[in-house]
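Descriptive structure summary
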Amino acid sequence: MIRKLILVVLLIALPVSCINSTFHQYMHSLDTGARCLDGSESILYVDVGAGADAQKMLIFFEGGNNCEGDDLAGTLENCYLKSKTEHGSSKRYPKTMDLVNVSILSANKTINPVFYNWTKAYLIACDGSGHQGSKLAAVQYKGEDLYFRGANNTLASLQHLNDTYQLYLRPTIVLAGTSTGGLAAMLWANFVQENAIKSRVYVVADSAVIVADFRSPLTNHTPVLEKAANLFKIVNTETKIPSAECVKDYPNQRECLLAGVLANYIQTPVYLIESQYDNWAIHNVLELDCVPNGEAVSLLDCDIDEERYIREYRNASLKAFQNFTSRPNAGIFAISCVQHIFSLDDSFYQPYYAIPTQTRNNVARSLEEYFQNPSASVNIRYDKVEWPFNIGCSGVI
């Protein structure tokens with residue numbers, strides 16, 4: 001998440017006078033129905049671009065921050081705790097945010113060669129449900145009201161971007177996000193494309209394809225799907241997930257989180273940024289503790305059995321990615337690093353994160369090549385080695 005990042009020191013920087021990356025806050029009226037978990041106003045941030053590419057727009061969905069619990073009571077308790085923090089409230093957010101060094105949102109061309117001068121919107125995740133779902137009435141818990149308005153927040157943001165910045169008239173629109181934010185970008189892509197009928201709409205999803213139906217070797221459960229089911233009981237009974245076509249075929253909605261299912265319903269081109277060894281999934285799907293959750297690390301602390309489970313999950317992930325990359329306008333950057341999320345720190349543009357290792361083909365350069373020619377025939381970039389043989393990011397050297 002951006003607000004917890006330690007801003008990187010650039011190896012090569014443009015003069016400060018050449019860079020303007022100040023995102024300005026817009027607060028939605030409560031009349032729109034948009035609210036954070038605690039009932040405070042939902043917000044977004046916008047940075048207006050410069051030059052000819054300012055007509056293009058990047059909409060970035062913040063990832064993480066979903067409510068989680070092993071049962072309904074645990075999920076509500078987790079939502080309640082989040083409502084007391086910036087993950088569920090807008091009360092502590094600044095009026096402006098300087099994101100010049102935050103990779104995919106940066107205005108520094110060296111860091112962000114594709115989107116640096118685009119108009120960019122950053123949608124805060126304070127709803128607890130991944131920018132989707134809605135429940136009209138507040139849920140009372142421990143004497144306080146909890147609001148579940150993820151869909152309202154997203155719709156209000158898109159409406160503001162259209163009213164103020166003519167979103168649906170722009171030539172190119174990219175929906176992007178990390179983790180659950182990347183999933184939100186995929187789920188909302190059809191809606192945006194249907195409203196922006198003359199625009200080219202793309203999705204850039206970072207670390208968003210999780211093999212949610214993969215069973216934990218420790219418990220034989222599918223913890224991600226089970227926790228999602230608890231959250232759906234709260235937020236998706238009145239308002240379904242935004243992929244209406246998927247919901248029509250899969251009314252219980254959980255299947256729409258599966259890569260093999262969701263890929264069939266996205267009408268726009270999708271570019272994936274993925275790790276073949278996603279450490280969030282190792283921790284939360286496989287339920288293994290040999291890899292810290294959310295940190296770029298190695299597998300050195302994993303025993304033989306744990307490494308075998310991780311290899312099995314890697315093979316399942318590669319099959320899941322193919323559900324997207326088999327499409328003609330797809331692209332992928334799938335590296336053999338033990339990591340989760342690349343778009344928000346220096347792994348986006350540093351040479352250490354390259355396919356093949358020790359080349360110039362990092363995430364930023366791969367995205368640049370994709371948007372020059374968005375064809376699967378030239379933009380499918382898989383690391384052909386297993387960990388730890390991509391030495392730049394192996395965590396071993």
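Summarised in this report is the structure supplied together with it. (Residues numbered from 1 in each chain as written. Predicted model: local features only at pLDDT ≥ 70, side-chain atom pairs only at ≥ 80, totals over all residues. Heavy atoms only, no water.)

A word on the pattern of salt bridges
- Enumeration according to the criterion identifies 12 salt bridges in this entry.
- Notably, a salt bridge pairs Glu386 with Arg314, separated by 4.0 Å at the nearest N-O pair. Of this pair, Glu386 sits in the segment after β12 (380-382) while Arg314 sits in helix α8 (residues 304-325), and the two are 72 residues apart along the sequence.
- Assessed through its relative accessible area of 38%, Glu386 is described here as partly exposed.
- One continuous salt-bridge network, built from bridges that share partners, spans Asp305, Arg308 and Glu312. (Salt bridge = Lys/Arg side-chain N within 4 Å of Asp/Glu carboxyl O. Helix = DSSP H or I, 4+ residues; strand = E, 2+ residues; numbered from the N terminus. Buried < 20%, exposed > 50% of the residue type's maximum accessible area, 1.4 Å probe, protein only.)

A look at the sheet that holds strand β2 (residues 43-47)
- Strand order in the open sheet made by the 10 strands is β4-β1-β2-β5-β3-β8-β9-β10-β11-β12, with mixed pairing throughout. The open sheet has two edge strands with one neighbour each: β4 (96-98) and β12. Mean inter-strand twist for the sheet, computed between neighbouring axes without regard to direction, equals 20°.
- When strand β1 (residues 22-27) meets β4, the two strands line up antiparallel, connected through three bridges. The residue of β4 that forms the bridge with Thr22 is Asp98. (Pairing = 2+ DSSP bridges. Axes fitted to C-alpha atoms, helices over the stretch in contact; angles between N-to-C directions.)

So, the packing of helix α2 (residues 150-165) against helix α3 (residues 180-195)
- One way to put it is that α2 packs onto α3 with a least axis distance of 12 Å and a crossing angle of 40°. Between α2 and α3, the crossing angle belongs to the class labelled oblique. Crossing of α2 over α3 shows right-handed handedness. Contacts between α2 and α3 involve Ala151, Thr154, Leu155 and Leu158 from the first element and Trp188, Phe191 and Val192 from the second.
- Classifying every residue of the contact of α2 with α3 gives six nonpolar, one polar and no charged. (Parallel < 35°, antiparallel > 145°, perpendicular 65-115°, else oblique. Left-handed = near helix turned anticlockwise from the far one by under 90°. Contact = heavy atoms within 4.5 Å. Nonpolar A, V, L, I, M, F, W, Y, C, P; charged D, E, K, R; others polar.)

Describing the packing of aromatic side chains
- By the definition in use, this model includes 12 aromatic pairs.
- Judged by centre distance (6.0 Å) and plane angle (45°), the ring pair of Phe60 and Tyr122 falls under tilted. Within this pair, whereas Phe60 is found in strand β3 (residues 57-61), its partner Tyr122 is found in strand β5 (residues 119-123), the two being separated by 62 residues in sequence.
- Relative accessible area serves as the criterion here: at 1%, Phe60 is assigned to the buried category.
- Through pairs of rings, three or more aromatic residues link up here, namely Phe115, Trp118, Tyr202, Tyr271, Tyr370 and Phe371. (Phe/Tyr/Trp six-rings, centres within 6.5 Å; stacked < 30°, edge-to-face > 60°.)

Quick look at the nonpolar core
- The biggest cluster of nonpolar side chains holds 74 residues, and the ones touching the most others in it are Ile59, Leu161, Leu175, Met186, Leu299, Ile310 and Phe324.
- Element by element, the count of residues in this core is highest for α3, at eight residues.
- With sequence-adjacent residues up to four places away left out, Met186 is seen in contact with Val203, Ala205, Ala208, Leu262, Ile266, Val270 and Phe324.
- Counting 41 residues, the second largest nonpolar core, distinct from the first, contains Trp118, Ile124, Tyr202 and Ile335. (Core = buried A, V, L, I, M, F, W, Y, C linked by side-chain atoms within 4.5 Å.)

What about α8?
- Counted at 1.5 Å a residue, the expected span for α8 with its 22 residues is 32 Å, and the 31 Å between its end C-alpha atoms agrees.
- Those residues of α8 not exposed but buried are Glu306, Tyr309, Ile310, Tyr313, Arg314, Ser317, Leu318, Ala320, Phe321, Phe324 and Thr325.
- Along its buried surface, α8 packs onto α3, α6 (259-262), β10 (270-277), α7 (279-284), β11 (331-338) and β12. (Expected span 1.5 Å × (residues − 1).)

What to know about unusual backbone geometry
- Each neighbour pair has its own omega, and for Ile355 with Pro356 the value is -10°, a cis peptide bond.
- For Pro356, the position within the fold is in the loop between β11 and α9 (363-372).
- Looking along the chain, the bond that leaves Trp387 and enters Pro388 is cis, with omega of 10°.
- By secondary structure assignment, the location of Pro388 is in the segment after β12.
- The phi dihedral of Asn65 falls on the positive side, at around 75°, and the residue is not glycine.

Focus: the state of the cysteines
- Under the defined criterion, the tally for this structure stands at five disulfides.
- Across the disulfide from Cys290 sits Cys302; the S-S distance is 2.1 Å. The chirality of the disulfide connecting Cys290 with Cys302 is right-handed, given an S-S dihedral of about 80°. In this pair, Cys290 is assigned in the loop between α7 and α8 and Cys302 in the loop between α7 and α8, connecting sequence segments 12 residues apart.
- Its relative accessible area of 8% is what places Cys290 among the buried residues.
- The side chain of Cys337 participates in a disulfide bridge whose partner is Cys393; the two sulfur atoms lie 1.9 Å from each other. (Disulfide = S-S within 2.5 Å.)

As for the environment of Lys56
- Looking at where Lys56 falls in the secondary structure, it is placed in the loop between β2 and β3.
- Among the residues examined, Lys56 registers a relative accessible area of 25% and is labelled partly exposed.
- In sequence terms Lys56 and Ser29 are 27 residues apart; their C-alpha atoms lie 26 Å from each other.
- Those residues in contact with Lys56, other than ones at most four positions away along the chain, are Trp118, Thr119, Arg170, Pro171 and Thr172.

A few points about the packing of helix α1 (residues 72-82) against helix α4 (residues 223-235)
- Axis separation between α1 and α4 bottoms out at 9 Å; the angle between their running directions is 75°. Comparing the axis directions of α1 and α4 gives the class roughly perpendicular. When α1 is examined against α4, the residues Leu72, Thr75 and Leu76 are found in contact with a partner set consisting of Asn230, Leu231, Lys233 and Ile234.
- Class assignment of the residues belonging to the contact of α1 with α4 gives a composition of four nonpolar, two polar and one charged.

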